[in-house]
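# Remarks on the overall topology
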Amino acid sequence: MTEAEFFEEIKAQFSQKLPLVVYRKPKEDTLCSIFQNEDSLLSVNNFEETGFVFAPFDQEGPVVLLRPDRCGKLPGYTPRAGCAKKGRRPVLSAHGKGFHLDLVRKGLSEIRSGVFDKVVLSRSFSMPTEAEPLDLFKNLVEKYQNAFCYLWYHPKVGMWLGATPEILLNVRNRTFTTMSLAGTQVYRGDENPEWGEKELTEQKYVTDYILDALKGRVDDLKHARTETVRAGKLLHLRTKISGRLKDSNLAEILSALHPTPAVCGLPKESTRKFIVSHEDYPREFYTGYLGELNFQVERKRNNRASNPEVQVYKSISRQTTLFVNLRCLKLEGSEIKIYVGGGVTKESDPEKEWEETVSKSRTMLDIL
Ligand SMILES: C=C(O[C@H]1C=CC=C(C(=O)O)[C@@H]1O)C(=O)O
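Residues numbered from 1 in each chain as written. Predicted model: local features only at pLDDT ≥ 70, side-chain atom pairs only at ≥ 80, totals over all residues.

### Some points on the site of the ligand
Under the convention used in this document: In this entry, near means the residue's backbone-placed C-beta atom lies within 6 Å of the molecule or strand. For helices the rule is a DSSP run of H or I covering at least 4 residues; for strands it is a run of E covering at least 2, with both sets numbered from the N terminus onward. Ten residues, namely Ala, Val, Leu, Ile, Met, Phe, Trp, Tyr, Cys and Pro, are considered nonpolar, four, namely Asp, Glu, Lys and Arg, are considered charged, and the remaining ones, Gly among them, are considered polar.
For the ligand, the set of nearby residues contains 17 residues, the closest of which are Ala182, Thr184, Gly341, Gly342 and Gly343. Looking at the shell around the ligand, the elements that each hand over two or more residues are β7 (118–128), β11 (175–186) and β19 (335–344). Here the shell around the ligand is composed, by residue class, of seven nonpolar, seven polar and three charged.

### Examining the UniProt feature "domain: Chorismate-utilising enzyme C-terminal" (unreviewed entry) in the protein chain
Basically, it comes down to this: UniProt positions are given in the numbering used here, feature names are shortened, and annotations may be inferred rather than shown by experiment.
Feature annotation in UniProt places "domain: Chorismate-utilising enzyme C-terminal" (unreviewed entry) on residues 102–296 and 315–360, given in this structure's numbering. Taken end to end, residues 315–360 has its terminal C-alpha atoms 41 Å apart, with 24% of it in helix and 54% in strand.

### Details of the nonpolar core
Stated formally: Note on definitions: a nonpolar core is a set of buried residues drawn from Ala, Val, Leu, Ile, Met, Phe, Trp, Tyr and Cys, linked by C-beta atoms within 7 Å. Partly exposed residues are those whose C-beta has more than 12 but fewer than 20 other C-beta atoms within 10 Å; 20 or more makes a residue buried and 12 or fewer makes it exposed, with C-beta atoms placed from the backbone.
Counting residues in hydrophobic clusters, the biggest one holds 84 residues, and the most contacted among them are Val21, Cys149 and Tyr150. Per-element tally for this core: the top contributor is strand β8 (residues 148–154), with six residues.

### With respect to unusual backbone geometry
Between His258 and the following residue, Pro259, the backbone shows a cis peptide bond with an omega angle of -10°. With respect to the secondary-structure elements, Pro259 resides in the loop between α5 (250–257) and β15 (265–266). In the Ramachandran plot, Phe47 falls in the positive-phi region, its phi being about 65° despite a non-glycine side chain. With respect to the helices and strands, the residue Phe47 is situated in the loop between β3 (42–43) and β4 (51–55). Its identity is not glycine, yet Asp220 carries a phi of approximately 50°, on the positive side. For Asp220, the location among the structural elements is in strand β12 (residues 218–223).

### Brief notes about the sheet that holds strand β18 (residues 328–332)
Test applied: Strands pair, by our definition, only if DSSP identifies at least two bridges between them. We call two residues in contact when their backbone-placed C-beta atoms lie within 7 Å. For helices, the fitted line uses only the C-alpha atoms of the stretch in contact; every axis is such a line through C-alpha atoms, and the angle between N-to-C directions lies from 0 to 180 degrees.
Spatially, β6-β2-β1-β8-β9-β18-β19-β7-β15 is the arrangement adopted by the nine strands of the open sheet, whose pairing is antiparallel. Two strands close off the open sheet at either side, each with one partner strand: β6 (70–74) and β15. Where β8 lies against strand β9 (residues 158–164), seven bridges are found, and the strand directions are antiparallel. Along β9, the bridge assignment pairs His154 with Gly158. Set on the sheet, helix α1 (residues 3–15) makes contact with β1 (20–24), β2 (31–35), β6 and β8; between it and β2 the angle comes to about 30°. On top of the sheet, helix α2 (residues 97–112) reaches β7 and β19; it is set at about 170° to β7, its chief contact.

### Points about α2
Using the following cut-off: What a helix is expected to span follows from its residue count: subtract one and scale by 1.5 Å. It is the directions from the helix axis to the C-beta atoms that the arc portrays.
With 16 residues, α2 extends 22 Å from end C-alpha to end C-alpha; this agrees with the ideal 22 Å at 1.5 Å per step. Turning to α2, its buried residues number three or more, namely His100, Leu103, Val104, Gly107, Leu108 and Ile111. Take α2 and look down its axis: the buried residues cluster within an arc of 135°, on one side only. Residues of α2 that are exposed and angled more than 90 degrees away from the buried face: Gly98, Asp102, Ser109 and Arg112. Here the buried face of α2 lies against β7, α6 (268–278), β19 and α7 (350–365). Count one or two residues on from α2 and you reach Gly114, which has phi positive near 85°.

### Some words on the pairing of β2
Among the five residues that make up β2, five are buried, leaving the element largely enclosed by the rest of the structure. Here β2 shows a buried face lined by Leu31, Ser33 and Phe35 and a second buried face lined by Cys32 and Ile34. Taken together, the four bridges between β1 and β2 define a ladder with antiparallel strand orientation. Within the sheet, the bridge partner assigned to Val21 lies in β2 and is Ile34. Where β1 folds back on β2, the antiparallel hairpin that results is connected by six residues, among which Lys27 adopts a positive phi of roughly 60°. Two elements, β2 and β6, share five bridges in a ladder whose sense is antiparallel. By the bridge assignment, Ile34 is partnered in β6 with Cys71.

Written out as structure tokens, the structure reads:
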């Protein structure tokens with residue numbers, strides 16, 4: 001399949017208003033597309049299905065499933081810069097700042113009263129755009145090599161686009177990896193900067209929560225050393241976590257994990273309630289998760305041990321690769337809605353929390 005054919009197929013699906021997703025996994029150069037042949041709105045029942053999932057923040061909400069009726073692959077894709085229409089660089093406005101500062105103060109007051117330890121508070125803002133969705137996607141792929149970049153569309157749900165640095169769960173057969181990702185600072189040329197107490201604590205809450213949620217449900221639970229990772233112009237703290245699922249209990253693992261304190265808070269239930277009743281917009285799919293569910297992967301292997309003439313055989317495994325939906329936007333006609341948030345702990349300063357959401361919003365604004 002040529003590059004022109006790959007993108008033509010996507011445009012044709014759009015013009016027929018049929019569901020699709022196009023994406024590129026972190027550090028890979030293959031673009032993947034998935035098309036559903038008709039527009040029914042399908043949802044996941046028990047996570048035994050195969051397809052591309054798109055889950056909302058709200059754990060009770062249905063997890064949308066795109067059925068892979070047709071799939072495309074474009075290996076070796078080299079992104080080119082400047083696909084979006086040239087225009088004025090979007091101006092960052094302070095609109096909504098008063099509300100956000102108040103929201104953070106309310107969160108802090110709950111933390112100080114001992115209601116919860118950490119809460120992730122967010123905001124959303126809109127701006128006009130004339131950019132073509134596919135051009136925006138190409139810009140994401142070009143700019144964010146370490147991120148999972150996607151463009152997702154369902155005529156009954158809407159169109160979303162993002163470049164997320166956060167893996168929720170990666171499972172091949174029964175081996176899984178996940179990560180705790182939190183704490184933010186702006187990248188200023190040093191990939192190994194000092195971290196403050198506030199960031200170290202807010203990220204440790206996430207690590208401890210994940211380890212606790214998985215304990216007893218998995219074998220060989222391990223975590224690596226906490227490290228700094230770069231996501232565009234930002235740096236985060238990350239701890240990789242791995243293990244082996246006891247049996248095929250993907251649904252149970254996901255419900256124990258999602259939403260983690262990287263996007264909700266600690267404890268989960270009281271912070272979820274606080275978020276839903278105090279943020280001034282519905283998160284919908286922001287801070288939900290998305291990705292491949294139970295895809296078959298074929299691997300060719302050389303079995304040197306059993307045959308000196310090098311026998312090549314194929315092994316088939318099932319793989320699930322899910323990402324947290326961060327650094328994303330929703331496209332509604334000629335308007336985009338950008339979503340950004342940050343973790344609030346007892347050490348938070350409302351003004352700095354606002355600045356952090358401004359820095360995070362640049363990930364999406366820079367592709368316009
Ligand atoms: C909630 C977001 O980021 C999360 C992931 C990494 C760092 C975060 C932080 O430092 O607050 C957040 O937990 C967002 O980008 O909207």
